[in-house]
Amino acid sequence: MASEKSGRSAALDAHVRRIDSQDRVATGVLAVIVGLVMLLVVAIIAYILVRGAGRALTPGFLANPYNDEVVPGILYQLWDSFYMLLVTLVISVPISLGAAIFLVEYAPDNWVTSAAKTAIETLSSLPSIVVGMFGSLFFVVTLGWGISILAGACALTMFNIPILVRTIQQALEDVPRSQRDAALAMGLTRWETTINVLLPAAMPAIVTGIVLSAGRVFGEAAALIFTAGSAPARLNFTSVNFLSPTNPFNIFRPACSLAVYIWRLTSEPTAGSTEIVWGTATVLLVCVLLFNLLARLLGKLLSRRLTAE
């Protein structure tokens, strides 16, 4: 009997040692993979910054237009990028918020809801060039908007909606069920519960998702070439005619974002364009990194204010 217990104990110890060994090997492999990915990301960021930081920090590069004879800059492209992003968020956020609320709180569990979720997932996986071609045919030609900021923003909205709907949906689903039940038990309607209980509780995650999605669409290029245009705009910030093609706020004028400007300069190189490309890439990279940093800061700030932690 004693020898049998000793044999079982030895076998159990061997099994534990084998499991521990496998765990250490798996942990080591995953650590190496993560380390390689981080090294690759850092190397790409460092390379872009080294090549373009000098140009990006040149006085006047951010404040001068592209046709300045002394220091050609990216003022117009920078304005177009942020303005188009703002128009995109104005269109996509309310639609995504309403769709997410409907899917979480109101939609019945049937084939229609399942088809809607599948359509959202499919839309998020479409290649950007396909979205650009569709935007060119529908927004530019069929609706008659022409090559314009509005057409580009609607094309970007097609990218943004699936990301935002999934993010907001997940944020609403993460709110504890007890909060819903308590609000309904107090006599609040489902809509009042959503507005006064669910949305404030999910707001940190929602804001984080919005900022992160903004960073993604900010660097989009392929969809905008066919919808918003690729020729650098000539803007007049003193213009009060909102229908003028040089008015910066005219949503029916063509626009050229930072990413599209990089593509244009690399496809049609000119003297000194290489430095401008790397300087523009550096500005674009810094903007995207700031979007990610802002998302984390806003998420933490809202979480502390709304949860009193």
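The structure presented is a predicted model; accordingly, all values stated were derived computationally and were not measured.

Colleague: How should I be thinking about the pattern of salt bridges in this particular structure?
Modeller: Scanning the model with the defined rule gives six salt bridges in all. Residues Arg264 and Glu268 are paired through a salt bridge, measuring 3.9 Å at the closest nitrogen-oxygen approach. Look at Glu268 and you get partly exposed, because its relative accessible area is 47%. Through salt bridges with shared partners, one network takes in Glu105, Arg180 and Arg190.

Colleague: What's the story with the side chain of Ser257 in this structure? I'm lost.
Modeller: Mapped onto the secondary structure, Ser257 falls in the loop between helix H8 (222–225) and helix H9 (258–267). Each residue touching Ser257, except ones within four places of it in the same chain, is listed here: Gln77, Ser81, Glu220 and Leu224.

Colleague: Mind showing me how you'd approach the packing of helix H4 (residues 128–142) against helix H5 (residues 149–173) here?
Modeller: A pair of packed helices can be characterised by two numbers: the angle between their axes and the separation between those axes. H5 packs onto H4 with a crossing angle of 135 degrees between their chain directions and a minimal axis gap of 9 Å. Taken together, the axes of H4 and H5 lie oblique to each other. For the pair H4 and H5, the sense of crossing is right-handed. Touching Ser128, Val131, Phe134, Phe139 and Val140 of H4 are Ala151, Cys154, Ala155, Met158 and Phe159, all from H5. In terms of residue class, the contact of H4 with H5 is made up of nine nonpolar, one polar and no charged.

Colleague: Hey, could you run me through the packing of helix H2 (residues 75–106) against helix H7 (residues 190–218) in this one?
Modeller: Closest axis-to-axis distance for the H2/H7 pair is 10 Å, and the angle between their directions is 140 degrees. One way to sum up the angle between H2 and H7 is to call them oblique. Of the two possible hands of crossing, H2 and H7 adopt the one that is right-handed. Residues Ser81, Phe82, Leu85, Leu89, Val93, Leu97, Ile101, Glu105 and Tyr106 of H2 touch H7, and the partners they reach there are Arg190, Trp191, Thr194, Leu198, Leu199, Ile210, Ala214, Val217 and Phe218. Among the residues making up the contact of H2 with H7, the classes are represented as 14 nonpolar, two polar and two charged.

Colleague: Looking at this model, I keep getting lost on the environment of Gln77. Mind explaining?
Modeller: Checked against the element boundaries, Gln77 lands in helix H2. Residue class for Gln77 comes out buried when judged on its relative accessible area of 0%.

Colleague: Help me understand the environment of Leu150, please; the structure alone is not making it clear to me.
Modeller: Mapped onto the elements of the fold, Leu150 is located in helix H5. Between the alpha carbons of Leu150 and Ala255 there is a distance of 9.7 Å; along the sequence they are 105 residues apart. Apart from the residues lying within four places of it in its own chain, the contact partners of Leu150 are Ile91, Trp145, Ile251 and Phe252.

Colleague: Explain H7 to me, please; I cannot follow it from the model alone.
Modeller: Because an α-helix completes one turn every 3.6 residues, residues spaced three or four positions apart along the sequence face the same direction. The terminal C-alpha atoms of H7 lie 35 Å apart, and with 29 residues this falls more than 12% below the ideal 42 Å at 1.5 Å per residue. Along H7, the helix axis deviates most sharply at Met203, where the bend reaches about 60 degrees; the proline Pro204 sits within four residues downstream.

Colleague: Is there a simple way to explain a nonpolar patch on the surface in this structure?
Modeller: Together, Val25, Val29, Leu30, Ile33, Val37 and Val41 make up a nonpolar patch on the protein surface, roughly 520 Å² of accessible area in all. Residue placement: Val41 occurs in helix H1 (residues 2–56). On the accessibility criterion, Val41 (39% relative accessible area) is partly exposed.

Colleague: Sorry if this is basic, but what is going on with the packing of aromatic side chains here?
Modeller: Aromatic ring pairs are described here by two measures, namely the spacing of the ring centres and the angle between the planes. Taken as a whole and judged by the stated rule, the model has 14 aromatic pairs. With a centroid separation of 5.5 Å and an interplanar angle of 80 degrees, the aromatic rings of Tyr47 and Trp278 are classed as edge-to-face. Remark: Trp278 occurs in helix H10 (residues 273–307) and Tyr47 occurs in helix H1; sequence separation between them is 231 residues. Overall, Tyr47 belongs to the partly exposed group, its relative accessible area being 46%. Ring centres 6.2 Å apart and planes at 70 degrees place the aromatic pair Tyr66 and Tyr76 in the edge-to-face group.

Colleague: Looking at this structure, how should I read the nonpolar core?
Modeller: Here is a general trend for soluble globular proteins: nonpolar side chains tend to be buried in one another's company. Met84, Phe218, Leu258, Tyr261 and Val283 are the most contacted members of the largest nonpolar core, which totals 51 residues. Every element with two or more residues in this core is listed here: H1, H2, H4, H5, H7, H8, H9 and H10. The residues contacting Phe218, other than those within four sequence positions of it, are Ser81, Phe82, Leu85, Leu258, Leu284, Cys287, Val288 and Phe291. By size, the runner-up hydrophobic cluster in this structure holds 14 residues, among which are Ile101, Ala171, Ala183 and Ile210.

What counts and how
- Residues numbered from 1 in each chain as written.
- Predicted model: local features only at pLDDT ≥ 70, side-chain atom pairs only at ≥ 80, totals over all residues.
- Heavy atoms only, no water.
- Salt bridge = Lys/Arg side-chain N within 4 Å of Asp/Glu carboxyl O.
- Buried < 20%, exposed > 50% of the residue type's maximum accessible area, 1.4 Å probe, protein only.
- Helix = DSSP H or I, 4+ residues; strand = E, 2+ residues; numbered from the N terminus.
- Contact = heavy atoms within 4.5 Å.
- Axes fitted to C-alpha atoms, helices over the stretch in contact; angles between N-to-C directions.
- Parallel < 35°, antiparallel > 145°, perpendicular 65-115°, else oblique.
- Left-handed = near helix turned anticlockwise from the far one by under 90°.
- Nonpolar A, V, L, I, M, F, W, Y, C, P; charged D, E, K, R; others polar.
- Expected span 1.5 Å × (residues − 1).
- Bend = angle between axes of the 7 residues up to and from the residue.
- Patch = residues over 30% accessible without salt bridge, like charges linked within 9 Å, V, L, I, M, F, W, Y side chains within 5 Å.
- Areas by Shrake-Rupley, 256 points an atom, 1.4 Å probe, with all protein chains shown as cover.
- Phe/Tyr/Trp six-rings, centres within 6.5 Å; stacked < 30°, edge-to-face > 60°.
- Core = buried A, V, L, I, M, F, W, Y, C linked by side-chain atoms within 4.5 Å.

Structural measurements only, silent on function.
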